[in-house]
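Remarks on the overall topology
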Amino acid sequence: MKKTWIAGALLCAAFASFAQSAPKLTIAHAWARPTVPGQPTSGAYMTLTAGEPLVLVGASTPVAGMAEVHQMKMDGDVMRMGGVDGIALPAGQPVELKPGGYHIMLMHLHAPLKAGTNIPLTLTLKNASGAQVQVQASVPVSAQPPAH
Ligand SMILES: [Cu+2]
């Protein structure tokens with residue numbers, strides 16, 4: 001009984017310190033596109049709602065050699081895609097990462113992404129004081145975006 005209580009107290013302390021340093025961010029409707037063998041890249045999408053002003057500045061995942069914050073936009077008649085320095089996440093305002101817009105580009109995939117599996121994704125954010133903070137997400141691999 002006493003042991004259980006100590007374990008509980010430790011868990012509480014760990015959670016409290018985590019809650020203090022973790023940025024306030026809600027991740028919803030996350031998904032990543034499945035790939036076929038030999039396909040080196042994929043994209044991950046999600047809706048991010050910050051509880052405090054944050055800027056998404058980077059991402060990483062063990063399934064890809066490189067992950068970048070990208071934007072797709074029309075440049076005249078041409079759809080262009082490239083890295084952005086960051087995506088501002090104003091407090092309380094959902095920001096959608098979706099095909100044709102902002103996305104997390106996954107490059108140099110180590111293996112095909114299989115539908116029905118989940119990939120771990122670490123988001124790196126900058127908070128209002130300029131400190132970098134990280135949030136872990138588990139992103140389902142799916143050919144279709146999740147139903148809202
Ligand atoms: Cu891209």
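The structure under discussion appears in the preceding block.
Here's a quick rundown of the structure. Quick caveat: nothing in here was measured; it's all calculated off a predicted structure.

Here we look at the environment of isoleucine 27
In this structure, isoleucine 27 sits in strand S1 (residues 25-32). Between the C-alpha atoms of isoleucine 27 and threonine 49, which are 22 residues apart in sequence, the distance is 6.6 Å. Not counting residues up to four positions away in its chain, the partners in contact with isoleucine 27 are Met46, Thr47, Leu48, Leu123, Val135 and Ala137.

As for the coordination of the copper ion
The coordination sphere of the copper ion, as far as protein atoms go, consists of His70 (ND1), Met81 (SD), His103 (NE2) and Met105 (SD), spread over 2.1 to 2.3 Å. Taken together, the four donor atoms surrounding the copper ion define angles of 95 to 115° at the centre, an arrangement classified as tetrahedral. In the primary sequence, the donor residues of the copper ion line up as H-x10-M-x21-H-x1-M. With methionine 81 in strand S5 (residues 78-83) and histidine 103 in strand S8 (residues 102-109), this pair connects stretches of sequence that are 22 residues apart. Classification of methionine 81 as partly exposed rests on a relative accessible area of 40%.

A closer look at the packing of aromatic side chains
Counted according to the given criterion, the structure contains one aromatic pair. Taking 4.8 Å as the distance between ring centres and 35° as the angle between the ring planes, the aromatic pair formed by tryptophan 31 and tyrosine 45 counts as tilted. One end of the pair, tryptophan 31, is in strand S1; the other, tyrosine 45, is in strand S2 (residues 42-50), and 14 residues separate them in sequence. A single burial state applies to tryptophan 31 and to tyrosine 45, both of which are buried.

So, the sheet that holds strand S3 (residues 54-60)
In spatial order, the strands read S6-S3-S9-S10; together these four strands make up an open sheet with antiparallel pairing. This sheet does not close on itself; its edge strands, each paired only once, are strand S6 (87-89) and strand S10 (132-140). Strand-to-strand twist of the sheet, defined as the mean angle between neighbouring strand axes without regard to direction, takes the value 40°. Where S3 meets strand S9 (residues 118-127), six bridges bridge the pair, whose relative direction is antiparallel. Bridge pairing links serine 60 to threonine 122 in S9.

Cut-offs applied
Residues numbered from 1 in each chain as written. Predicted model: local features only at pLDDT ≥ 70, side-chain atom pairs only at ≥ 80, totals over all residues. Heavy atoms only, no water. Helix = DSSP H or I, 4+ residues; strand = E, 2+ residues; numbered from the N terminus. Contact = heavy atoms within 4.5 Å. Donors = N, O, S within 2.8 Å, 3.2 Å for Na, K, Ca; no water. Tetrahedral: all angles 85-135°; square planar, octahedral: opposite > 155°, others 65-115°. Buried < 20%, exposed > 50% of the residue type's maximum accessible area, 1.4 Å probe, protein only. Phe/Tyr/Trp six-rings, centres within 6.5 Å; stacked < 30°, edge-to-face > 60°. Pairing = 2+ DSSP bridges. Axes fitted to C-alpha atoms, helices over the stretch in contact; angles between N-to-C directions.

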